[in-house]
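Structural description and commentary
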Amino acid sequence: MSASPVPSAPSPPSASATATRASRRAATRQRSRRRWELWRSPDGQPPWARPALLVIAALAGLLYAWNITSSGLAPFYSTAARSMAESWKAFLFTAFDPAATVTLDKIGGFLWPQALSARLFGFHDWALTLPQCVEGVVSVLVMYRVVRRWQGAAAGLLAAGLFTLTPVAASMFGHAIPDASLIMCLVLAVDQYQRAVRGGRLGALLLAGVWVGLGFQAKMMQAWLIVPALAVGYLLAAPVTLRRRLGHLLTAGVVMGAVSLSWVLLMTFTPKDVRPQVGGSSGDSAFSMVFDYNGFGRFGQSGNSATFSTDGTAKSGGGGAARSAGRGGITASDPENNPPHKLVGERLVRQIGWLYPLALLGLAFGLFRSRGRPRTDRTRAGYVMWGTWLLTTAAVLCVVPVPHTAYVAGLAPALAALSAAGAVAMWRAHRADRGSRAVRLALPVTVAAQAAWAGYLAAGQADFAPWLTPLVATAGLLGVAALGVAVFVPRLRTRRRPLGALALAAACLATLAAPATWSLSVLDKRYGGSSFDAHAGPFGSEPRGSFELKIRPTSH
């Protein structure tokens, strides 16, 4: 009988294997530590990106929360929020009264965060406004992430900054206004759509549908204005077969419809003796209230008879918002709310329209530069999606009444994204050595158009900021001159860096000075808007004194 072999001792690990494991442990510890170092940029992003984003987010939080303790209440909606905070039945059905006998005249999903905040902190102005402040900062952060994935960190930061400095947004997120929830939901829907279109992922597309459905709970059919943009973008650029793209869109549409109509179905199939009556409907029908009274019934009409003062309070008339007392002013049936050119009219253009030239020229430039690329090209797909969002929303707003300026906030994300992406793309083309002269001239032409438009709008309210028009004109001329010299005088390329810095600083000043002035004016309570109407700066054509960049704490 032979002896069994003696097992050999395991060989010691090699030095290279030990070093590899040690490096992996070190990398794991570093990643764990960096998760807590919020001021550091993640891997793959420039080191300045995260600190700059935090500065922008802090500015947004400052603008939105500065007047939070004196933000005021919209009496009709605040009464409903109090009722929802006191009664879970009223919370579920978004009822006006604690006994849940009648609902609002719209889906009250935008009041759910306010009711929870009031239940947690007590019923105060700031408790009802706090959710909107948070929604605004979240929207700014997500805007950066979405545009960074598409066009890089510089464009993402610029988009977040432009969104923050949109006057109507600066006021809206500082008050208990329904549109704040809508904008956050739509931006989060785009975030998930972007993940879906990059890899043809059905799960991410379903989440986009969920976010659109939640936006429907806040502003009903206005949330669906983004659907054509998401559908066209996915159908155009998702890297899967046409049959699968169509299947994904159909499935996401079903999910979006189910989430959107969840409250309507709840009201429809709950026995009438155990649910509240539907406000704003002629037959106690949730479908009628949503799709007629608050939907198709508004097309081509002059609006209800609600009357709003220049500080936003309601005087009289039809809708729920009109049941609060106040002073006279604009009305929902005012002709200013209804002509097709209302988006460039006196009342709305300075709240949303400062970036019209930059956004439209940026869209045209982006589509021109990405022509002829493969179907799945992400750059072109982004321009198509954002452009469709912008044009669809603008077209609808042109044919429906706009009694509240917050309605036009639906344009803000698209304007910011297209402006930022277009500006960065033009800057890169301008700096390229091999670019054609026509392409390199796109930036100075755009700066000239943007400065002229901003100067024109600022001159219309010269009493508000008399120094603004000369500043924009001077910066615009200086920026155009510096950019033009770089194109037409090749021998100055040896001085390219200082000339480029001068041109960039002047162009940014010409572009940002006016919207920043209007947005920063919300720090002065006179120009901060109200819980009924979001507006920064002087309201419409009514000047209310000049604005000085002196910030004083508000006494309470």
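Here the structure is a predicted model, which means the values were calculated and not measured.

When helices and strands are counted, the protein chain shows 22 helices and two strands. Within the protein chain, the fraction of its 556 residues that count as buried is 53%. Summarising the internal contacts of the protein chain: among those between residues at least 6 apart in sequence, 70% fall at separations of at least 24. Total accessible area computed for the protein chain in this model is approximately 24000 Å², and 65% of it derives from carbon and sulfur atoms.

Our next topic: the pattern of salt bridges. Within the structure shown, the criterion is met by eight salt bridges. Taking the shortest distance from any N to any O, the salt bridge between Asp-191 and Arg-145 comes out at 2.6 Å. Of the two residues, Asp-191 is situated in helix H9 (residues 179-199) and Arg-145 in helix H6 (residues 125-151); the sequence distance between them amounts to 46 residues. Where Asp-284 meets Arg-275, a salt bridge forms, and the shortest distance between an N and an O atom there is 3.3 Å. One network of salt bridges, with partners in common, ties together Arg-145, Arg-149 and Asp-191.

Along its 18 residues, helix H10 (residues 202-219) runs 26 Å from first to last C-alpha, staying within 8% of the 26 Å computed at 1.5 Å per residue. Residues of H10 that are buried include every one of Ala-204, Leu-205, Ala-208, Gly-209, Val-212, Gly-213, Gly-215, Phe-216, Gln-217, Ala-218 and Lys-219, and no others. Check the buried side of H10 and you find it contacts helix H5 (111-121), H9, helix H11 (227-237), helix H12 (242-260), helix H13 (262-269) and helix H14 (286-293). Of the residues flanking the end of H10, it is Met-220, one or two places downstream, whose phi is positive at about 55°.

Within the element layout of this structure, Ser-78 appears in helix H3 (residues 75-86). On the basis of relative accessibility, which here comes to 7%, the residue Ser-78 falls in the buried class. For Ser-78, the residues in contact, after removing those within four places along its chain, are Leu-73, Phe-123 and Leu-128.

This prediction gives the protein chain a mean pLDDT of 85; 82% of its residues lie at or above 70. Here strand E1 (residues 307-308) stands out as the least confident element of the protein chain, with mean pLDDT 38; H12 is the most confident, with 97. This stretch, residues 302-319, has a pLDDT under 50; its non-local contacts, to residues over four places away or in other chains, come to 72 contacts. In the model, residues 321-332 has pLDDT below 50 throughout and makes 51 contacts with residues more than four positions away in sequence or in other chains.

Attention now goes to the environment of Trp-354. Position of Trp-354 relative to the elements: it lies in the loop between helix H15 (349-352) and helix H16 (356-369). Each C-alpha atom, one on Trp-354 and one on Thr-511, is 8.4 Å from the other, the two residues being 157 residues apart in sequence. In this structure the side chain of Trp-354 is engaged in a polar contact, spanning 2.7 Å, whose partner is the backbone oxygen of Arg-350.

We now examine the packing of aromatic side chains. The tally for this structure, following the rule as stated, stands at 19 aromatic pairs. With a centroid separation of 5.0 Å and an interplanar angle of 55°, the aromatic rings of Trp-354 and Trp-518 are classed as tilted. Taken together, the positions of Trp-354 in the loop between H15 and H16 and Trp-518 in helix H22 (residues 496-520) put the pair 164 residues apart, joining distant regions of the chain. The structure contains a cluster of three or more aromatic residues connected by ring pairs, namely Phe-76, Tyr-77, Phe-96 and Phe-110. Directly above the aromatic system of Trp-88 lies the positively charged group of Arg-119, at a separation of 3.9 Å from the ring centroid. The residue whose ring lies beneath Arg-371 is Phe-368, and the NZ or CZ to ring-centre distance is 4.0 Å.

A cluster of nonpolar side chains, namely Leu-38, Trp-39 and Leu-54, defines an oily patch on the protein surface of about 320 Å² accessible area. For Trp-39, the position within the fold is in the loop between helix H1 (15-36) and helix H2 (49-65).

At a minimum axis separation of 11 Å, H6 and helix H18 (residues 412-431) run at an interaxial angle of 35°. Two packed elements cross with a definite hand, and for H6 against H18 that hand is right-handed. Residues Met-143, Val-147, Trp-150 and Gln-151 of H6 form the contact with H18, whose own contacting residues are Pro-413, Ala-416, Ala-417, Ala-421 and Arg-428. Taken together, the residues of the contact of H6 with H18 break down into seven nonpolar, one polar and one charged.

Procedures and definitions
- Residues numbered from 1 in each chain as written.
- Predicted model: local features only at pLDDT ≥ 70, side-chain atom pairs only at ≥ 80, totals over all residues.
- Heavy atoms only, no water.
- Helix = DSSP H or I, 4+ residues; strand = E, 2+ residues; numbered from the N terminus.
- Buried < 20%, exposed > 50% of the residue type's maximum accessible area, 1.4 Å probe, protein only.
- Contact = heavy atoms within 4.5 Å.
- Areas by Shrake-Rupley, 256 points an atom, 1.4 Å probe, with all protein chains shown as cover.
- Salt bridge = Lys/Arg side-chain N within 4 Å of Asp/Glu carboxyl O.
- Expected span 1.5 Å × (residues − 1).
- pLDDT = per-residue confidence, 0-100.
- Polar contact = N/O pair within 3.5 Å; in protein donor to acceptor, adjacent residues only side chain to side chain.
- Phe/Tyr/Trp six-rings, centres within 6.5 Å; stacked < 30°, edge-to-face > 60°.
- Lys NZ or Arg CZ within 6 Å of the ring centre and 35° of its normal.
- Patch = residues over 30% accessible without salt bridge, like charges linked within 9 Å, V, L, I, M, F, W, Y side chains within 5 Å.
- Axes fitted to C-alpha atoms, helices over the stretch in contact; angles between N-to-C directions.
- Left-handed = near helix turned anticlockwise from the far one by under 90°.
- Nonpolar A, V, L, I, M, F, W, Y, C, P; charged D, E, K, R; others polar.

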